[in-house]
Amino acid sequence: MLFRRCIQSQLTPRTRFNHCCFFVIPMSKRKYGAVSSPTTRQSSPPEQVHKQKRRATMATLASQVAAASAGDHTPQTLKVITLNAREKQLQGLLLDVAKTIDMSSSSTQEDDKVKAIPDEPVVLRWAGGWVRDKLLGIESHDIDTAINCMTGEAFALRLRDFCFDESHAVQNRERHSIGPDDIGSLHKIAKNPEKSKHLETTTARLFGLDVDFVNLRRETYTQDSRNPQMEFGTAEEDALRRDATVNALFYNLHTGLVEDFTGGLPDMEAKLIRTPLEPLQTFTDDPLRVLRLVRFASRLGFRIDEAAEAMMSDEEVLEALRLKISRERVGVELEKMLKDKNACDALRRLNKLGLYHTIFTDPARKEMPSPDLSNWSAVYECLDALAKNTTPGSIYDLLVTSHEAKYYAWALAALAPWEQLQDEPPIKPGKPAAPLATQAAREGFKAPNKLSDIVTAAHRHRAAIVELKTIACTGQESMKERDRFGMAIREWDTRGGHWRLQVLFAVLVDVESRTGVRGTGGGDEELETVLSEWQKFLDHLVELDVMDAPSMKRLVDGRILAKELGVKPGVWMAKALDVATAWQLRNPGVTDFAGAVEEVRKRANELRIKGLK
């Protein structure tokens, strides 16, 4: 199979197309893209011109499809995408809608949502990540549909009319086997140029797939603004504005062929992440692309082009990422990295590229302190090693018990360096300042409240966790006190939740401070020694049977306790219930609450219970 290859001329950095254009089409067939106007255009009525162009376009499509299925290529040279049943159903529906629009003589004359180039037949392409993943054999549920001559909203509205409002809607739904739950509501997502969200899109749930509709576009810049003016463009112009060549591939719904304008196919073969335009321009246009490239590289196991890596660490780019991009968008990219199976590789790349202080910070605070990262690698490498050992009773097995906890674990690993720094002064008496790690999470990537609470609790309970670990490892007499360990665990869980992750945080901080290049006064200790201590601590908790202490059901509640003591509830109640719970932990298996009540009665003076019978 031969490829048509077009080398673009050298133009200015803002406009040049400096990469090759590959079409997976036989050389004997003409390039499919924007269709030239017929020579009779000026003398023909608009409707007749439109029909002529439509016939020419459809003839070209038919010849390309015939060539693709005639066997004049081999599997080694043709990137074949095999659609599943839902994707085929979606393709048929969208093509039918496009055909309906083309057959409507008024579509390009009256619809104010249609591009201001008359008589352009609708051409649909699936773009970006879906194409990349399908070529890699990865099923994707998110499909971006790029349209050549209509906005995404305009096409989506015509799709809605096709399925529901037109006189033939019932027949249309039957023809495409559209069930009552196959077409979801349309949602418009507005653009936000100030936060580098330049495109307005419309999204819908179709046949169980999340489908976005957006027009092909090009970007033009003025000297006094970094925000581009979005205009309708060609597929090639659209591809050049994307973040990476492997994300700039198109699947033409009409021809069933892959279109590559930027060299994405050979880059996929080379496992290379490269920007379609010069890296500085790509990252300046949208600094979030720095994080997106890290995410794609770690997820796919690809390397990043050296020129792109150099610009990803550029001070101008980092400053734009820190201040120009909303922290919510940063958080979305980071969450996707940390939820991926290659989370450790993502953190390695963030560390290598010097992106830590741009992400994990409060951008509104110019004087935000920065932690030392010289031994941060020990943290994420340790967590990666722990995660690969899920033997029952292992550290990871005992402390990370859900998919949600896996994400939180990697977030805690990312925030561990902040534990080196001292707490800031209280905001006001009795109200301590939020831990720096919490501030970095909350303001740096807009961590949800649940994660922020875990980070805060992990920081504030770490000293107590280490103390109990020391008791368990040194064989002190108090290590036999089941109530001491059980009540501590209940306290950690009540004040922050996920007590197991709080312990994991203590493990990771201990690894960072006691191993590697930044050891403490006693000298660096082997990782094996540090982890063996924590394993011994956890083994002791298992032996005491207190791992589930937070969910232990109390024998007595406040109502029963007040009734048995013959007093009214008061401020003493919370501490009294803790006394009863501690007694219950010391007496596992006992189901009669009498002993717990008696323990409270004995300590009535200490608990300041008044009016006791």
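This text gives an overview of the structure that appears in the document. Since the structure is predicted, the reported quantities are computational estimates derived from the model, not experimental observations. (Residues numbered from 1 in each chain as written. Predicted model: local features only at pLDDT ≥ 70, side-chain atom pairs only at ≥ 80, totals over all residues. Heavy atoms only, no water.)

1. A look at the overall build of the chain
From N to C terminus, the chain includes 26 helices and 13 strands. Of all intrachain contacts in the chain linking residues separated by at least 6 positions in sequence, the fraction that spans at least 24 positions is 69%. For the chain, the accessible surface area stands at approximately 28,600 Å², while carbon and sulfur atoms represent 51% of it. (Helix = DSSP H or I, 4+ residues; strand = E, 2+ residues; numbered from the N terminus. Contact = heavy atoms within 4.5 Å. Areas by Shrake-Rupley, 256 points an atom, 1.4 Å probe, with all protein chains shown as cover.)

2. Thoughts on the pairing of strand E11 (residues 257–260)
By the alternation rule, side chains of E11 split into Leu257 and Glu259 and Val258 and Asp260, which are all buried. Counting the residues that bridge the hairpin from strand E10 (residues 249–252) to E11 gives four residues, and of these glycine 256 lies at a positive phi of roughly 75°. (Buried < 20%, exposed > 50% of the residue type's maximum accessible area, 1.4 Å probe, protein only. Pairing = 2+ DSSP bridges.)

3. Comments concerning the layout of surface pockets
Estimates place the volume of the second largest pocket at around 400 Å³. Lining the second largest pocket are 19 residues, with Asp340, Lys341, Ala343, Lys406 and Trp410 positioned closest to its centre. Listing elements by their share of the lining of the second largest pocket, those giving two or more residues are helix H12 (327–339), helix H13 (343–352), helix H15 (376–387) and helix H17 (403–415). The leading source of residues in the lining of the second largest pocket is H17, at five residues. When the residues that make up the lining of the second largest pocket are grouped by side-chain class, the tally is seven nonpolar, three polar and nine charged. (1 Å grid on protein atoms, 1.4 Å probe; cavity = no way out; pocket = protein on both sides within 12 Å on 5 of 7 lines; lining within 4 Å. Points joined across faces, edges and corners; volume = space filled by probe spheres on them. Nonpolar A, V, L, I, M, F, W, Y, C, P; charged D, E, K, R; others polar.)

4. Quick word on the side chain of histidine 176
Residue position: histidine 176 is located in the loop between helix H5 (169–175) and strand E5 (187–189). Within the structure, the side chain of histidine 176 is placed 2.8 Å from the side chain of aspartate 96, a separation counted as a polar contact. With residues near it in sequence (within four places) discarded, histidine 176 still touches Gln89, Gly92, Leu93, Asp96, Phe162 and Phe207. (Polar contact = N/O pair within 3.5 Å; in protein donor to acceptor, adjacent residues only side chain to side chain.)

5. Points about the pattern of salt bridges
Taken as a whole, this structure holds 45 salt bridges when the rule is applied. For glutamate 333, the salt bridge identified is with arginine 295, shortest N-O distance 2.6 Å. Taken together, the residues span a long stretch of sequence, with glutamate 333 in helix H12 and arginine 295 in helix H9 (residues 289–300) at a distance of 38 residues. The pair formed by glutamate 333 and arginine 295 is uniform in burial state, with each residue classed as buried. Across the pair aspartate 510 and lysine 469 runs a salt bridge, and its minimum N-O distance is 3.8 Å. Taken as a pair, aspartate 510 in helix H21 (residues 499–514) and lysine 469 in helix H19 (residues 449–474) lie far apart in primary sequence, 41 residues in all. (Salt bridge = Lys/Arg side-chain N within 4 Å of Asp/Glu carboxyl O.)

6. Examining the packing of H13 against H15
Axis angle and axis distance: for two packed helices, these are the angle between their axes and the distance between the axes, and together they describe the pair. Interaxial distance between H13 and H15 falls to 10 Å at its minimum, and their mutual angle equals 170°. With respect to H15, the axis of H13 lies roughly antiparallel. Judged by residue contacts, Cys344, Leu347, Arg348 and Asn351 of H13 engage Trp376, Ser377, Tyr380, Glu381 and Asp384 from H15. Taken together, the residues that form the contact of H13 with H15 break down as four nonpolar, two polar and three charged. (Axes fitted to C-alpha atoms, helices over the stretch in contact; angles between N-to-C directions. Parallel < 35°, antiparallel > 145°, perpendicular 65-115°, else oblique.)

7. Side note on the side chain of aspartate 510
Residue aspartate 510 is classed as buried on the basis of its relative accessible area, which comes to 11%. Polar contacts involving the side chain of aspartate 510 include one to the side chain of tryptophan 534, which spans 2.9 Å. Sequence-distant contacts of aspartate 510, that is, excluding residues within four places in its chain, are made with Lys469, Val530 and Trp534.

8. Comments concerning empty space enclosed by the protein
Counting across every chain of the model gives three cavities of 30 Å³ or more. Estimated volume of the largest cavity: approximately 40 Å³. Broken down by class, the residue content of the lining of the largest cavity amounts to five nonpolar, two polar and two charged.

9. Remarks on helix H18 (residues 436–444)
Of all nine residues in H18, seven are buried, a share of seventy percent or more. Among all positions of H18, only Leu436, Ala437, Thr438, Gln439, Ala440, Ala441 and Gly444 are buried. Where H18 is buried, its residues meet H12, helix H14 (356–359), H17 and H19. Phi turns positive one or two residues past the end of H18, at lysine 446, with a value near 50°.

10. Brief notes about the packing of aromatic side chains
Under the defined criterion, the tally for this structure stands at twelve aromatic pairs. A centroid spacing of 5.8 Å and a plane angle of 85° characterise the contact between phenylalanine 360 and phenylalanine 445, whose relative ring orientation is edge-to-face. Placement of phenylalanine 360 in the loop between H14 and H15 and of phenylalanine 445 in the loop between H18 and H19 is noted, with a sequence separation of 85 residues between them. In this structure, phenylalanine 360 and phenylalanine 445 share a single accessibility class: buried. Ring geometry for tryptophan 492 and tryptophan 499: centres 6.5 Å apart, planes at 40°, overall tilted. The pair formed by tryptophan 492 and tryptophan 499 is uniform in burial state, with each residue classed as buried. Connected via pairs of aromatic rings, a cluster forms that spans Tyr356, Phe360, Trp376, Tyr380 and Phe445. Its guanidinium or amino end placed over the ring of phenylalanine 296, arginine 295 lies 4.7 Å from that ring's centre, counting from NZ or CZ. The side chain of lysine 469 reaches across the aromatic face of tryptophan 534, ending 5.0 Å from its centre. (Phe/Tyr/Trp six-rings, centres within 6.5 Å; stacked < 30°, edge-to-face > 60°. Lys NZ or Arg CZ within 6 Å of the ring centre and 35° of its normal.)

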